[in-house]
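Residue strings, one per chain:
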Amino acid sequence: MGLVERNTHRWRRDLAVTACCAAAVAEADRTGDPGQRAARLIDCLGVLRSTHGAGSAAALDMRALRRGLRQGLTPLLPIEGEGEDPLGEVRLVDSDGLLCDAVEDLGREHFVSQQALMEYWPWARLRAEQEEQQLYSEIRRLPPEDYAKVRELLASHPVAEQGVLWEKWGGLWGRFGFFEPVASWPWCNAAGWCFPCPVCAWPMRAQPAGGGVFAVSCDAHLLEGAQYTCRQDRGGSGPPVLEGGGCSAGRVEGFPAAGDYLAVSRTVWRYLTLPGRMEFAIRDALTDIAGLEVFMYPEGDRYDLRITATEPLVAREWRVDAKAWRSFDALADALLERPVLGAAVPLIIVVPHRRRSDLPRLRERLAGRPDLEVMTDKDFVTTVLRWCRAEL
């Protein structure tokens, strides 16, 4: 099965190592705001405690944290069995209070960028960045054909019965921890049923509104009108009856919030499913256009699509990277870190059309990078079709 195993010793140990690296950077900082430094240490201490059992967690205090950073990580890492953890003797802060080289090494191995550590990113953002990098690292090791297949499956089938997923994934099933049992997600359970978003097909959030009524909506597509209300079927045998409340509230079929239904994790949905649906929608919109060639994930996936027009007069090429980030400021930070692509044409960053009002801010942040251009997915398709004189 391709389930993500949470709360295993390996998962808790890796979480503890990440927290120790973040704590070491905060502990060694003597130039920043003392209040911010203390808050970061308290945040990291809370994460460390969550990786331990009740007994050992109670013994972890700020003094133990600071001592472990200087004398060895053994007391800070969760214990399994009687074996010693090979990282137990590693020191992250030296006797002079300076960072040891091990912090950077461990950070890289656990997909934590130096920027995330040095800028004191909030824990939630640090973990999201870490999980995104790990996801891409896992699938980029695949041959090109398998890589493209995985990306398309995660975009097209983010939720399904396990038997259906086995059939579609074939020999690739079970190699990755992309899926989780929907039965373990109470937040999308409306009277025992879940409903996929009509836009992205991922389970929508269901919130009780009183009187047996639930408000059902997609976290990503609420602004596009993917919202409903529903109430339990009076007969009690069928799914709740959905009533659309927005322009994208198309008909959706619910499925039981139990059994063998699996869905991609929120991290996979956010960083692979949402941009993937944009990528394949662009591909499909530009397929079968005379003189137009579309390539998915060229050059080892340095970007998502390369589109080449050989007609009508002069050849033209577009290079596209789809992004569905919630925070455009964080997206700008990430893009500014990327090296210049070095191509004759700019890399076009495509974002969802619903975020078009936020584009001026993103363009302002990227003003010093002429190699990057930003537009919505809808505007990009229109631009290409106009060039090809194939407007709809």
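- Under the annotation held in an unreviewed UniProt entry, the protein chain carries the name REase associating with pPIWI RE domain-containing protein and is attributed to Streptomyces spirodelae.

**Focus: the side chain of Glu279**
(1) Moving on: Mapped onto the fold, Glu279 is located in helix α10 (residues 266-286).
(2) Moving on: Judged by its relative accessible area of 0%, Glu279 is buried.
(3) Moving on: For Glu279, the contacting residues outside a window of four places in its chain are Arg151, Met296, Tyr297, Asp304, Leu305 and Ala322.

**A look at α10**
(1) Moving on: When the terminal C-alpha atoms of α10 are compared, their 29 Å separation across 21 residues agrees well with the 30 Å that a helix rising 1.5 Å per residue should span.
(2) Moving on: Where α10 bends most, the angle comes to about 30°, and this point is Leu272, followed within four residues by the proline Pro275.
(3) Moving on: The buried count for α10 comes to 15 of 21 residues, which makes it a mostly enclosed element.

**Regarding the sheet that holds strand β4 (residues 205-210)**
(1) Moving on: Here we have four strands laid out as an open sheet, ordered β4-β5-β6-β7, and antiparallel in their pairing. Strands with a single pairing partner mark the edges of an open sheet, and in this sheet they are β4 and β7 (241-244). Taken pair by pair, the neighbouring strands of this sheet meet at an average axis angle of 30°, ignoring direction.
(2) Moving on: Across five bridges, β4 lies against strand β5 (residues 213-217) in antiparallel orientation. Bridge assignment links Arg205 to a residue of β5, and that residue is Ser217.

**Looking at the nonpolar core**
(1) Moving on: Counting 70 residues, the largest nonpolar core has Trp169, Phe178 and Phe380 as the members making the most contacts within it.
(2) Moving on: Residue contributions to this core peak at eight residues, all from α10.
(3) Moving on: Of all hydrophobic cores here, the second largest spans 29 residues; its members include Ala64, Leu69, Leu87 and Val103.

**Overview of the packing of helix α2 (residues 34-50) against helix α4 (residues 62-71)**
(1) Moving on: α4 packs onto α2 with a crossing angle of 90° between their chain directions and a minimal axis gap of 10 Å. In terms of axis orientation, α2 runs roughly perpendicular to α4. Residues Arg37, Leu41, Ile42, Leu45 and Leu48 of α2 touch α4, and the partners they reach there are Met62, Leu65 and Arg66.
(2) Moving on: Grouping the amino acids of the contact of α2 with α4 by side-chain chemistry returns six nonpolar, no polar and two charged.

**Describing the packing of aromatic side chains**
(1) Moving on: Evaluation of the coordinates by the stated rule reveals 14 aromatic pairs.
(2) Moving on: For the ring pair Tyr147 and Tyr297, a centre distance of 5.3 Å and an interplane angle of 90° mean the geometry is edge-to-face. Of this pair, Tyr147 sits in helix α8 (residues 144-156) while Tyr297 sits in the loop between β10 (292-296) and β11 (305-309), placing them 150 residues apart in sequence. Both residues of the pair, Tyr147 and Tyr297, count as buried.
(3) Moving on: For the ring pair Tyr271 and Trp325, a centre distance of 6.3 Å and an interplane angle of 80° mean the geometry is edge-to-face. Taken as a pair, Tyr271 in helix α10 and Trp325 in the loop between β12 (316-322) and α11 (328-337) lie far apart in primary sequence, 54 residues in all.
(4) Moving on: Its relative accessible area of 14% is what places Tyr271 among the buried residues.
(5) Moving on: Assessed through its relative accessible area of 14%, Trp325 is described here as buried.
(6) Moving on: Through a chain of ring-to-ring contacts, three or more aromatic side chains come together here, namely Trp169, Trp173, Phe176, Phe178 and Phe179.

**Overview of the side chain of Ser217**
(1) Moving on: Structurally, Ser217 can be placed in strand β5.
(2) Moving on: Ignoring sequence-local partners within four residues, the contact set of Ser217 consists of Met204, Arg205, Leu222, Ala226 and Gln227.

**Re the sheet that holds strand β13 (residues 347-351)**
(1) Moving on: Sheet architecture is open: five strands sit in the order β10-β11-β12-β13-β14, paired in mixed fashion. At either end of the open sheet lies a strand with only one pairing partner, and these are β10 and β14 (372-376). This sheet shows a mean twist of 25° between the axes of neighbouring strands, independent of strand direction.
(2) Moving on: Here β11 runs beside β12; their pairing, made up of five bridges, is antiparallel. Each bridged residue has a counterpart across the sheet, and for Ala309 the counterpart in β12 is Arg316.
(3) Moving on: On the sheet, helix α13 (residues 377-387) packs against β10, β11, β12, β13 and β14 and is oriented at approximately 100° with respect to β14.

**Quick notes on α8**
(1) Moving on: With 13 residues, α8 should cover 18 Å at 1.5 Å per step; its first-to-last C-alpha distance of 18 Å lies within 8% of that length.
(2) Moving on: Taken as a whole, α8 has its buried residues at Tyr147, Val150, Arg151, Leu153, Leu154 and Ala155.

What counts and how
- Residues numbered from 1 in each chain as written.
- Predicted model: local features only at pLDDT ≥ 70, side-chain atom pairs only at ≥ 80, totals over all residues.
- Heavy atoms only, no water.
- Helix = DSSP H or I, 4+ residues; strand = E, 2+ residues; numbered from the N terminus.
- Buried < 20%, exposed > 50% of the residue type's maximum accessible area, 1.4 Å probe, protein only.
- Contact = heavy atoms within 4.5 Å.
- Expected span 1.5 Å × (residues − 1).
- Bend = angle between axes of the 7 residues up to and from the residue.
- Pairing = 2+ DSSP bridges.
- Axes fitted to C-alpha atoms, helices over the stretch in contact; angles between N-to-C directions.
- Core = buried A, V, L, I, M, F, W, Y, C linked by side-chain atoms within 4.5 Å.
- Parallel < 35°, antiparallel > 145°, perpendicular 65-115°, else oblique.
- Nonpolar A, V, L, I, M, F, W, Y, C, P; charged D, E, K, R; others polar.
- Phe/Tyr/Trp six-rings, centres within 6.5 Å; stacked < 30°, edge-to-face > 60°.

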